[in-house]
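Structural overview
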Amino acid sequence: MSSLELFALSIILYYVIYILLWILLDCNVRLWWKIHFGVSISTLRGQVVWITGASSGIGRGLAINLARHGVRLALSARRVELLEKVKEECLSEAKGLLAAKDVLVVPMDMLKLETHQKCLNDVLNHFGKLDILVNNAGRSQRANWEDIQVEVDRELFELDVFSVLHLSRLAVRYFNEQAGGRGHLACTSSVAGLTVVPFSASYCGAKHAVNAYFGCLAVEHPSLDVTLFNPGPVATDFLQEAFTAQPNEKVGKSTKDQKRLTAERTGFLFATALANKVEMCWCGLFPVNMLAYISQYSLLRTIVRYAMSGKTLNKIREGKL
């Protein structure tokens, strides 16, 4: 076999292995590599991480995974009683690495922009610094495209985009003024921010916007670390609170018995991405991870679009396929 043939064979083998990893893994290959060959979550020990939307789901899973490695936490959400429970869980999982003062509960409604500065000040006054802001608060959606009232578009963008931007800009100003331009901002985006999925038009638009906004931030401020974490379907209660097509209406459905990544596993993947300062990553059970890869390549995306119906794509995102 000639050297040219060997080279061609190695290229083919490389891509075959890479595609197999798309199928077998529950996250993108770069994040999987960081899990096994990158730095440990424990490198964040002693740092201060502020998590919004920390009372349940991915926020709770992330907080617990960070607490196990001695990361000091500020936990925010509207439901204070649930935050207190998450704090107790974090202290229990920390196994002596954290004291009660190392986990701060900061009640917060993301839509009340006028309170953002006070909440940031509360974190800074308590810990003396902020190392990482994790924008996790948000809501999903289920609705037919043509039925969505524009009020819903506005409400969803206010929560999932504009409130996130407002808080993050305060944090960036703090990093610029007090931390020498160093700092780390992270967002829980979605696979829906990498591709498009049916029956969630407002949500897809919002998550694409988040990825674009923070992608611009990363380019404008190379001294800042930016992490865009894009999970696929996760076993949380987010469908209970999800928007529909009508204002003041919620989906109110459970994700029980659906094919979804656990919040615990998702929290671990997110924590690993933070420790390794991964700018863009995603996760999800097959075939979500594979579709996220395909969405990055226009030719493959076109093939999938014509090969899979909207019903099939919807079954995948609902954990039914």
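These lines cover the structure that appears in this document, whether it is placed above or below. (Residues numbered from 1 in each chain as written. Predicted model: local features only at pLDDT ≥ 70, side-chain atom pairs only at ≥ 80, totals over all residues. Heavy atoms only, no water.)

**A closer look at the pairing of strand β2 (residues 72-77)**
Burial analysis of β2 places five of its six residues in the buried class, the great majority of the element. Since strand β1 (residues 48-52) and β2 lie parallel, the crossover through helix α3 (residues 57-67) that links them has a hand, and here it is right-handed. Examined bridge by bridge, β2 and strand β3 (residues 103-107) share five bridges and lie parallel to one another. Residue pairing in the sheet places A77 in a bridge with P107 of β3. On the question of chirality, the crossover connecting β2 to the parallel β3 by way of helix α4 (residues 80-94) is right-handed. (Buried < 20%, exposed > 50% of the residue type's maximum accessible area, 1.4 Å probe, protein only. Helix = DSSP H or I, 4+ residues; strand = E, 2+ residues; numbered from the N terminus. Right-handed = clockwise from strand over helix to strand, strands pointing away. Pairing = 2+ DSSP bridges.)

**Overview of the packing of aromatic side chains**
Here the structure, examined in full by the defined rule, presents five aromatic pairs. Where Y174 meets F175, the ring centres are 5.4 Å apart and the plane angle is 55 degrees; that geometry is what we call tilted. We note that Y174, like F175, is buried. Joined through ring pairs, the aromatic side chains of W32, W33 and F37 make up one cluster. Its end group placed over the ring of F243, R139 keeps NZ or CZ at 3.7 Å from the ring centre. (Phe/Tyr/Trp six-rings, centres within 6.5 Å; stacked < 30°, edge-to-face > 60°. Lys NZ or Arg CZ within 6 Å of the ring centre and 35° of its normal.)

**Considerations on α3**
In terms of burial, α3 is largely enclosed, as ten of its eleven residues are buried. Burial in α3 covers these residues: G57, I58, G59, G61, L62, A63, I64, N65, L66 and A67.

**Some details on the packing of α3 against α4**
Packed helices, taken two at a time, are described by the angle between their axes plus the distance between the axes. Put simply, α3 and α4 touch, their axes get as near as 8 Å, and they point 30 degrees apart. If you check the angle between α3 and α4, you find them roughly parallel. Pair α3 / α4 crosses with right-handed handedness. Across the interface between the two elements, R60, A63, I64 and A67 from α3 touch V86, E89, C90, E93 and A94 from α4. (Axes fitted to C-alpha atoms, helices over the stretch in contact; angles between N-to-C directions. Parallel < 35°, antiparallel > 145°, perpendicular 65-115°, else oblique. Left-handed = near helix turned anticlockwise from the far one by under 90°. Contact = heavy atoms within 4.5 Å.)

**What about helix α5 (residues 116-127)?**
The terminal C-alpha atoms of α5 lie 17 Å apart, and with twelve residues this matches the ideal 16 Å at 1.5 Å per residue to within 8%. Inspection of α5 places H116, C119, L120, V123, L124 and F127 among the buried residues, and these make up the whole buried set. Buried positions in α5, seen along its axis, are confined to an arc of 135 degrees and lie on one side of it. Projecting away from the buried face of α5 at angles above 90 degrees are the exposed residues K118 and N125. One or two residues past the end of α5 sits G128, with phi positive at roughly 85 degrees. (Expected span 1.5 Å × (residues − 1). Arc of directions from axis to C-beta.)

**Considering the sheet that holds β3**
Here seven strands make up an open sheet; going across it, the order is β3-β2-β1-β4-β5-β6-β9 and the pairing parallel. With partners counted over all chains shown, the strands left at the sheet margins are β3 and β9 (280-283), one partner each. In this sheet, neighbouring strand axes are inclined to one another by 15 degrees on average, regardless of whether the strands run parallel or antiparallel. Two strands pair when backbone bridges link them, and strand β6 (residues 224-231) and β9 are joined in this way by four bridges, in the parallel orientation. In the sheet register, P231 faces β9, and the bridge partner there is C283.

**Digging into the environment of S40**
In this structure, S40 sits in the loop between α2 (29-37) and β1. Along the backbone, S40 and A271 are 231 residues apart, and their C-alpha atoms lie at a distance of 9.3 Å. Filtering out sequence-adjacent residues up to four positions away, S40 remains in contact with H69 and A275.

**Examining unusual backbone geometry**
The omega torsion across F286 and P287 is 5 degrees, close enough to zero to call that bond cis. Relative to the elements of secondary structure, P287 occurs in the loop between β9 and α10 (288-294). Even without being glycine, N248 reaches a positive phi, approximately 60 degrees. If you trace the backbone, N248 turns up in the loop between α8 (238-241) and β8 (261-262). The residue K277 is not glycine, and still its phi comes out positive at about 55 degrees. Here K277 shows up in the loop between α9 (263-275) and β9. Classification of K277 by relative accessible area gives partly exposed; the value is 39%.

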